[in-house]
Amino acid sequence: MIRTERLLLRRARLDDVDAFHAIMRDPVAMRFWSTPPHTSLDETRDWVASMVERSAGACNDFVVELDGRAIGKAGCYMLPEIGFILHPDHWGRGYAREAMTAVIAHIFATNDLEKLVADVDPRNRASIGLLTRLGFSETHRARGTWQVGGELCDSVYFALPRPGGE
Ligand SMILES: CC(C)(COP(=O)(O)OP(=O)(O)OC[C@H]1O[C@@H](n2cnc3c(N)ncnc32)[C@H](O)[C@@H]1OP(=O)(O)O)[C@@H](O)C(=O)NCCC(=O)NCCS
């Protein structure tokens, strides 16, 4: 568990399903996600269960909690790729930056990694802004990397080297 100034970052629990469904069913939050918005609670239950399972040992993927309520997630579902999503009600207040700063420090401190990477839709300005603010830089681009719903999407890739490393 990690405490930041305003947030609690903790392991996922199965009872996070309702809070995550409110995020994952939201077309605004999911506009540039790797899947279309969730259409059933079962879909979100599977997603949360998989996060719970993956963070059972060393935890690299955290639920972002504000005042006792899960508002999103920040971390690596699979190392070294970082991902994040917050409920749109909480965008624009620095929560993602606050959470990600702590999560990145934790991941580098507890894993022998040279770098973290991210794969973002080039149209996803908020995520690109966040990554840039966190010190990530663009490494390359590719076209037609994701088929999401009926839409073929592109990727811009980012990397953040281990601080003090090469
Ligand atoms: C990306 C996301 C997590 C940002 O959350 P947030 O809490 O609003 O971000 P913050 O308030 O911490 O902003 C941090 C930085 O991100 C950038 N940023 C955030 N929103 C932005 C926007 N709409 N446009 C451009 N830059 C933006 C800014 O550089 C900002 O730094 P600043 O405050 O110094 O200007 C949020 O928009 C989100 O959940 N998006 C949908 C999920 C998603 O697409 N995830 C990525 C999949 S790879």
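See the structure above.
Okay, so let's go over this structure. Everything numeric in this text was worked out from a predicted model, so none of it was measured. (Residues numbered from 1 in each chain as written. Predicted model: local features only at pLDDT ≥ 70, side-chain atom pairs only at ≥ 80, totals over all residues. Heavy atoms only, no water.)

In this section: the pattern of salt bridges. One pass over the full model with this rule turns up eleven salt bridges. In this structure, Arg-10 engages Glu-65 in a salt bridge whose closest nitrogen and oxygen atoms are separated by 2.5 Å. With Arg-10 in strand E2 (residues 8-10) and Glu-65 in strand E3 (residues 61-66), the pair connects residues that are 55 residues apart, well separated along the chain. Each of Arg-31, Asp-121, Arg-123 and Glu-151 takes part in one network of salt bridges that share partners. (Salt bridge = Lys/Arg side-chain N within 4 Å of Asp/Glu carboxyl O. Helix = DSSP H or I, 4+ residues; strand = E, 2+ residues; numbered from the N terminus.)

Moving on, we get to the pairing of strand E4 (residues 69-78). Burial runs high along E4: seven of the ten residues are buried. Where E3 and E4 come together, six bridges link them in antiparallel fashion. Paired with Phe-62 across the strands is Ala-74, a residue of E4. Where E3 folds back onto E4 in an antiparallel hairpin, the turn is made up of two residues, including Asp-67, whose phi is positive at roughly 50 degrees. Pairing between E4 and strand E5 (residues 81-86): six bridges, direction antiparallel. Note on E5: the bridge partner recorded for Gly-72 is Leu-86. (Buried < 20%, exposed > 50% of the residue type's maximum accessible area, 1.4 Å probe, protein only. Pairing = 2+ DSSP bridges.)

What follows concerns helix H1 (residues 17-24). For H1, a buried count of seven out of eight residues is recorded, marking the element as mostly surrounded by other parts of the structure. Of the residues making up H1, those classed as buried are Val-17, Ala-19, Phe-20, His-21, Ala-22, Ile-23 and Met-24. Of the surrounding elements, those touching the buried residues of H1 are helix H2 (41-54), E3, E4 and E5. (Contact = heavy atoms within 4.5 Å.)

From the geometry alone we can't say anything about function, so treat these as descriptive.
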